[in-house]
Amino acid sequence: MWMQYVGCALVSMAILVLGVLLWLHPAKRRLEEQLAEARKLREQIEKEVQTKRKEILLEAKDEAHRIRAEVERENRDKRVEIQRLERRLTQKEEALDRRLENLERKEKSLAQREQEAVRLRDELSSVIARQREELQRISGLSAEDAKNLLLKMIEDETKHEAARLIRDIEAQAREEADKRARDVVTLAVQRCAVDHTSETTVSVVPLPSDEMKGRIIGREGRNIRAFETQTGVDLIIDDTPEAVVLSAFDPVRREVARIALSNLISDGRIHPARIEEMVAKASAEVDAIIREAGEHATFETSVTTLDPELVKLLGKLKFRTSFGQNVLDHSIEVAHLAGAMAAELGGNVALARRAGLLHDLGKAVDFEVEGPHAIISADICRKYNEHAEVVHAIVAHHNDEEPRTMEAVLVSVADAISAARPGARRETLETYVKRLQRLETIADSFSGVEKTYAVQAGREIRVMVKPTEIDDLAAAKLARDTAKKIEEEMEYPGQIKITVIRETRAVDYAK
């Protein structure tokens, strides 16, 4: 019985083990497949890693080769540059050696000449001593008596020269006083001269027909009175066909009046109320033009942080001219020139450009304020807290102050260049001819001058001298004296070149 139980148990265990084995066999097969896939994946990854490693090694080798090539090229260039510098250094050393040899030779020559000069000085001293003894013997006077006699003669001659010099100085002083008086009177006349002011203080407005003149005047002159009252401009209506003239010293008022009158003529309705309306619109339009012109000038010259009042005064220069040259354009040009020269010379470019732009600011109000426009400009800039060096450069550009800085000199030079360049300014034919004649007259006033020619539109004079009376040293002195006299007696833009020509000809004939 017990054996049957054991046999049954063994059979059951065998069946159980067989079942377990049958259940584990598919799991083992799946595990083996997964292990195989893992091995394949690892092999693939290892292959990719090897491939990537080879690519990285190749790229590193290429980069190292490129870097090595660049380094070699830079080293080669440096070697070439070093060789060039070495050659230059060698050449300079050779030049210095040659110069040193020349200096040594010159030193030896100078030493010999110095010895010769000492010897000649000793001989001259002995000759002078013998001559003094001989003169004392012949004249019967001692050295002291001869000295006193000579001093007496020199004293008399000096007194005569001093008297003549005093007379000449007095005569020159009278001439200078007369000249100064003439200049003052001429300046006063020019401020009121019709021919001069008509070029810069009037504007002509064309009319569609002469019938419009009557409408502008209005009944009993009420329209013209209202127009002149509103604008502050004189309206001149004369026999000029199809045109009226606006006259005023203030260019801004004149421009307002011109725009207002043109708009009234175009509109056709001319009466006091309409005149007031048109003048207000024209004034607003001109203010906008002024502001835009000032802002454009500051933008073009790169001048920043200007006070709005200074920008407005700059804009007013758009309507101001000087000898036909627009003052705003001239100021912008001076700013560019001064800035460019300051950049070349290592100066303060911003300061030079700023002073160049503001240097003629006083011309916007010079009809309201007395004094030179340079001083007026400086006072205005000082009022609006401009830098002291800017103010100095402005006041010194016409030598109202002695220039103390490079920028002040550059602004003065730029102003002269802008004003003197060909076509910048106009002058009447009569003034031009008189200036050329005055140049020739000044040069002809010196003794030894044969003929004088003014050329290059009066920017150069060529002085032909008599070679028998003027030698080379006197020719240089004549050029300097002529330049000085022109500076004292004339006013002109830019500079005038004086060329003294001394020519000697020898003519003969072979027979």
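Residues numbered from 1 in each chain as written. Predicted model: local features only at pLDDT ≥ 70, side-chain atom pairs only at ≥ 80, totals over all residues. Heavy atoms only, no water.

**Student:** Just checking my understanding: could you explain the nonpolar core for this structure?
**Tutor:** Judged by nonpolar contacts, the single largest core of 38 residues is most densely connected at Leu306, Leu314, Leu357 and Leu361. Sorting the residues of this core by element identifies helix H7 (272-301), helix H8 (308-316), helix H9 (327-345), helix H10 (349-358), helix H11 (373-383), helix H12 (388-395) and helix H13 (406-420) as the ones contributing at least two each. Among the elements that take part in this core, H9 stands out by supplying seven residues, more than any other. The residues touching Leu306, leaving out its near neighbours within four places in the chain, are Thr298, Val311, Leu314, Arg354, Leu357, Leu358 and Glu386. (Core = buried A, V, L, I, M, F, W, Y, C linked by side-chain atoms within 4.5 Å. Buried < 20%, exposed > 50% of the residue type's maximum accessible area, 1.4 Å probe, protein only. Helix = DSSP H or I, 4+ residues; strand = E, 2+ residues; numbered from the N terminus. Contact = heavy atoms within 4.5 Å.)

**Student:** Where do I start with the packing of aromatic side chains in this structure?
**Tutor:** Tallying each qualifying case throughout the model produces zero aromatic pairs. Above the face of the Phe446 ring, Lys485 is positioned so that its terminal group lies 5.4 Å from the ring centre. (Phe/Tyr/Trp six-rings, centres within 6.5 Å; stacked < 30°, edge-to-face > 60°. Lys NZ or Arg CZ within 6 Å of the ring centre and 35° of its normal.)

**Student:** Looking at this structure, I do not really get the side chain of Thr452. What am I missing?
**Tutor:** Take Thr452: it is sitting in strand E6 (residues 449-455). On the accessibility criterion, Thr452 (1% relative accessible area) is buried. Only 2.6 Å separates the side chain of Thr452 from the side chain of Asp444, close enough to count as a polar contact. Those residues in contact with Thr452 that sit more than four places away from it in its chain are Glu440, Ala443, Asp444, Ile461, Arg462 and Val463. (Polar contact = N/O pair within 3.5 Å; in protein donor to acceptor, adjacent residues only side chain to side chain.)

**Student:** Quick question: what am I supposed to make of the packing of helix H5 (residues 222-231) against H7 here?
**Tutor:** Contact geometry for H5 and H7: axes closest at 9 Å, N-to-C directions at 25 degrees. By the angle between their directions, the pair H5 and H7 is classed as roughly parallel. When the axes of H5 and H7 are compared, the crossing they make is right-handed. Only Pro272, Ile275, Glu276 and Val279 of H7 make contact with H5, whose side of the interface consists of Arg222, Asn223, Ala226, Phe227, Gln230 and Thr231. Split into classes, the residues belonging to the contact of H5 with H7 amount to five nonpolar, three polar and two charged. (Axes fitted to C-alpha atoms, helices over the stretch in contact; angles between N-to-C directions. Parallel < 35°, antiparallel > 145°, perpendicular 65-115°, else oblique. Left-handed = near helix turned anticlockwise from the far one by under 90°. Nonpolar A, V, L, I, M, F, W, Y, C, P; charged D, E, K, R; others polar.)

**Student:** I'm lost on a nonpolar patch on the surface in this one. Help?
**Tutor:** On the surface, Leu41, Ile45 and Val49 cluster together into a nonpolar patch covering about 250 Å² of accessible area. Take Val49: it is sitting in helix H1 (residues 2-139). (Patch = residues over 30% accessible without salt bridge, like charges linked within 9 Å, V, L, I, M, F, W, Y side chains within 5 Å. Areas by Shrake-Rupley, 256 points an atom, 1.4 Å probe, with all protein chains shown as cover. Salt bridge = Lys/Arg side-chain N within 4 Å of Asp/Glu carboxyl O.)

**Student:** Could you clarify how one ought to interpret the pattern of salt bridges in this entry?
**Tutor:** Note that side chains of opposite charge can pair when their charged atoms are close. Evaluation of the coordinates by the stated rule reveals 17 salt bridges. Of the charged contacts, one joins Arg119 and Glu123 as a salt bridge, the two residues approaching to 2.5 Å between their closest N and O atoms. Taken as a pair, Arg119 and Glu123 lie in helix H1 at a separation of four residues, close to a single helical turn. Residue Arg119 is classed as partly exposed on the basis of its relative accessible area, which comes to 38%. Taking relative accessible area as the criterion, Glu123 reaches 37% and is therefore assigned partly exposed. Of the charged contacts, one joins Glu277 and Lys281 as a salt bridge, the two residues approaching to 3.4 Å between their closest N and O atoms. You can see Glu277 and its partner Lys281 sitting in helix H7, four residues apart, about one turn around the helix. Relative accessible area serves as the criterion here: at 35%, Glu277 is assigned to the partly exposed category. You can call Lys281 partly exposed: its relative accessible area is 46%. Each of Glu63, Arg66 and Glu70 takes part in a single network of salt bridges with overlapping partners.

**Student:** Teacher, can you tell me more about the sheet that holds E6 here?
**Tutor:** The strands making up a sheet associate through backbone hydrogen bonding, with each pair oriented either parallel or antiparallel. If you walk across this open sheet you meet the three strands as E6-E7-E8, and the pairing is mixed. In the strand order of this sheet, the two ends are held by E6 and strand E8 (497-502), each with one partner. Pairs of neighbouring strands in the sheet enclose a mean axial angle of 20 degrees, with direction left out of account. When strand E7 (residues 460-465) meets E8, the two strands line up parallel, connected through six bridges. Paired with Arg462 across the bridge in E8 is Thr499. (Pairing = 2+ DSSP bridges.)

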